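Residue strings, one per chain:
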Amino acid sequence: MKAAFEAIGYAYGAVEAVRDVSFEMPEGRITVVIGPSGSGKTTLLLLAAGLLAPASGRVLFDGADMAGRPPERRDVGVVFQSYALFPHLTVAENIAFGLTSGRNRLGRAEVARRVEETAALVSVTPLLPRTPPSLSGGEQQRVAVARAIATRPGLLLLDEPLSAIDAMLRRALREELASLLRRIGITTLYVTHDQEEALFLADRLVVLREGRVEQEGAPLEAYRRPRTRFVASFLGDANLVPAVVEGTDPATGRARVRTALGTADVEANGIAPKARGTLVLRPEDLEAGTEGIPATVIEARGLGPYDRVTARVAADVELTLRVAPGASPLVGASIRVAPIAGRGHFLPD
Amino acid sequence: MSAGAGGLAPRRPRAGRAGAARIAARAWTASLAFLLVTPLLVTAWGAFSRSEWYGRRSEGAAVAGAGTLFHYVWSTWGSALLLSASLVAVVVPIALLIGVPAAIAFERRPFRGSSWLEAATLSILSVPGIALSVALLFAAGGSPRFWLLVAGHLAYTVPLVVRTVRHALALIDPRLEDAGRTLGAPPGRVARRILLPMLRPSVTLAALLVFTVSWGEFNASYLLTTPLVQTFPAALFATYTTNSFPVAAAATVIFLLPVVPALLAIQALGGEALTRGLQA
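Analysis parameters
Residues numbered from 1 in each chain as written. Chains lettered and ligands numbered in written order. Predicted model: local features only at pLDDT ≥ 70, side-chain atom pairs only at ≥ 80, totals over all residues. Helix = DSSP H or I, 4+ residues; strand = E, 2+ residues; numbered from the N terminus. Buried ≥ 20, exposed ≤ 12 C-beta atoms within 10 Å, placed from the backbone. Contact = placed C-beta atoms within 7 Å. Nonpolar A, V, L, I, M, F, W, Y, C, P; charged D, E, K, R; others polar. Axes fitted to C-alpha atoms, helices over the stretch in contact; angles between N-to-C directions. Parallel < 35°, antiparallel > 145°, perpendicular 65-115°, else oblique. Left-handed = near helix turned anticlockwise from the far one by under 90°. Core = buried A, V, L, I, M, F, W, Y, C linked by C-beta atoms within 7 Å. Pairing = 2+ DSSP bridges.

A. Region of interest: the overall build of chain A. The secondary structure content of chain A amounts to eight helices and 20 strands. Across the 349 residues of chain A, 40% fall into the buried class. For chain A, the proportion of contacts with a sequence separation of at least 24, taken over those separated by at least 6, is 64%.

Below, the structure is given as structure tokens:
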């Protein structure tokens with residue numbers, strides 16, 4: 001099934017949670033909606049599930065308007081942030097719930113078979129006789145996924161399913177979840193505020209800010225070519241440097257922009273000559289060396305695979321850059337920082 | 001030696017004060033327990049005593065020996081006992097049928113004015129039985145009758161159900177109901193398969209509360225019955241004012257028989273009913 005939001009809006013009383021949001025969830029793909037808390041992510045998910053009714057716009061499943069159709073008659077499975085497992089039922093009964101009530105009701109033998117099969121898929125078979133309160137967070141998360149996919153819904157909705165899990169386990173579960181979703185090829189809407197998780201899982205990424213779509217497209221596109229300063233700084237670290245376009249070269253599709261750090265060569269992409277704007281430089285787009293702008297190191301941290309150095313260029317201008325592990329200069333040292341040739345992304349004002 | 005004595009000296013009065021306080025607290029607790037238990041013991045003793053000492057011409061002649069005592073009470077007040085039993089049998093299910101859905105509505109689907117309605121329901125608890133009875137008699141017209149009595153008891157018991165169940169419901173994550181809906185269960189089925197099983201301890205608690213209140217209710221019952229058709233607590237009042245002590249005691253023991261297990265069950269259930277929803 002493919003799904004879409006069409007100019008959808010929703011308000012909690014006077015507070016507008018979602019405004020004029022449109023995007024598609026392609027068949028069999030994972031669409032990740034990312035945004036800070038309060039950006040309307042969960043509201044979108046509840047609108048898709050039918051647990052909220054839109055104030056304006058439409059929710060489309062395979063082109064059909066879902067207006068007025070209650071959650072029990074929509075072809076969705078939901079994994080809630082709190083998992084919402086039924087504490088008075090066993091894990092097996094939780095997974096069977098959707099197969100024994102309403103739209104997907106199956107025969108007794110078929111239910112047992114489907115519960116077994118789904119439990120095996122999500123590796124919770126040994127947990128089947130237990131009850132949710134006796135499970136760990138990671139186990140509950142898996143059971144919640146099993147319960148949601150047992151009915152083989154057309155659209156799977158996941159609301160920050162890993163946010164309650166500690167960091168170590170979260171990474172493992174993230175990979176497990178990604179491989180599961182790819183294997184069963186289910187159309188998925190995944191809501192998160194974690195950019196690493198978003199970039200890892202997404203086939204399509206939608207960046208939400210204050211209830212509006214800020215950018216939408218392939219996941220790395222938003223990281224490499226952010227369309228706004230918000231997207232640039234929300235997805236990963238970004239140095240935002242004021243810049244002026246010096247000239248464009250239609251033949252190569254490149255533009256030269258001048259900044260306090262020196263000149264950079266960036267993609268032209270319809271930039272007007274002489275335009276003013278911002279040069280977005282990721283920490284990995286900068287290098288410390290013999291050329292560039294003089295700076296004073298104010299912080300250096302070894303983060304394992306690389307070191308992160310923050311250096312002050314002027315009273316209120318700081319740059320963050322990435323250096324090889326163990327190669328950090330000392331705090332207080334004078335260094336020179338320059339953009340790596342060809343890196344950076346220009347954002348016109 | 002002297003240092004040791006000096007070290008002990010200031011401690012002794014402190015220990016003494018603490019000891020005295022403890023003894024005073026225990027004495028207080030013991031006297032409270034004595035005050036609470038003694039009437040029950042005296043009543044039980046009276047009910048099972050032999051009562052020939054009342055003399056041949058008194059009521060004692062008919063009630064000599066505990067067995068005959070209870071037989072006498074039954075033959076005199078059996079109809080009152082039956083009325084109370086049938087009243088409770090009607091009031092408990094009706095109070096639950098009204099109170100549980102009302103609690104769900106107040107907690108999950110509040111509507112304009114629902115908090116006023118809930119406050120109004122609760123405020124009935126503070127209306128004196130006599131006022132309520134007179135109001136019911138005026139409203140319904142005519143003389144006391146069974147369904148008027150049921151209405152009076154419901155006025156006092158439905159608020160208990162609403163309060164108990166609503167409190168338990170507030171501890172249940174509403175997302176559980178959402179999850180049920182998205183899994184294909186319509187609202188009625190969600191209530192049957194998710195809410196009611198999770199609310200069972202609190203509904204049981206509410207039923208026991210309704211039972212004890214309805215079984216023991218006197219004020220409204222006294223005014224909504226006639227001297228010939230009485231509930232058991234109204235009959236108890238009559239035994240206290242007209243019968244001998246052993247007869248009144250035996251009647252009281254019969255009255256307490258179903259109440260004590262109910263109270264013990266309430267005590268045992270109270271904790272579980274209120275924390276059940278937190279497990280999720």
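What follows continues from the structure just given.
B. Geometry of the interface of chain A and chain B. Tallying the contact residues gives 22 residues for chain A and 18 residues for chain B. Elements with a minimum of two residues in the side of chain A that touches chain B: β6 (76–79) and α2 (91–100) of chain A. Broken down by element, the side of chain A that touches chain B gets its largest block of residues, three residues, from β6(A). Of the residues in the side of chain A that touches chain B, the class split is 12 nonpolar, eight polar and two charged.

C. Just the packing of helix α4 (residues 114–123) of chain B against helix α6 (residues 146–170) of chain B, in detail. Residue and element names in this part refer to chain B. Running from N to C, α4 and α6 cross one another at 130°; their axes reach a closest spacing of 8 Å. Between α4 and α6, the angle falls in the class oblique. For the crossing formed where α4 meets α6, the hand is left-handed. Residues E118, T121 and L122 of α4 lie in contact with α6, whose contacting residues are V158, P159 and V162.

D. Structural context of the nonpolar core. Core analysis: the biggest nonpolar cluster contains 153 residues, and A:A48, A:L157, B:V161 and B:V210 have the highest contact counts within it. No other element matches helix α3 (residues 66–108) of chain B, which puts 15 residues into this core. Beyond its immediate chain neighbours, meaning those up to four positions away, A:L157 contacts A:L45, A:A48, A:A49, A:V76, A:V78 and A:L189.

E. Local environment of helix α7 (residues 175–182) of chain B. The element α7(B) is largely enclosed, with a buried count of six among its eight residues. Residues of α7(B) that are buried sit in contact with α1 (41–49) and β6 of chain A together with α8 (187–216) of chain B. Directly beyond the C-terminal end of α7(B), a positive phi value near 105° is found at B:G184.

F. Here's a closer look at α2(A). Residue and element names in this part refer to chain A. Burial of α2 is extensive: eight of the 10 residues sit out of reach of the surface. Listed as buried for α2 are V91, A92, N94, I95, A96, F97, G98 and L99. One or two residues past the end of α2 sits G102, with phi positive at roughly 65°.

G. Quick look at unusual backbone geometry. All names here are of chain A. The backbone of S123 shows a phi angle near 60°, a positive value even though the residue is not glycine. Mapped onto the secondary structure, S123 falls in the loop between α3 (108–121) and α4 (137–149). Take S123: there are 13 C-beta atoms within 10 Å of it, and that puts it in the partly exposed class. The phi dihedral of E210 is positive, around 45°, even though this residue is not glycine.

H. Quick look at the sheet that holds strand β3 (residues 30–34) of chain A. All names here are of chain A. Read across the open sheet, the six strands follow the order β6-β7-β8-β3-β9-β10; overall the sheet is mixed. The open sheet has two free edges, formed respectively by β6 and β10 (212–217), since each of these has just one partner strand. Adjacent strand axes in the sheet meet at a mean angle of 15° when their direction is disregarded. Sheet topology places β3 next to strand β8 (residues 187–192); five bridges connect them, and they run parallel. Across the sheet, the residue bridging to I30 is T188, located in β8. Docked against the sheet, α4 engages β6 and β7 (155–159), running at close to 170° with respect to β6.

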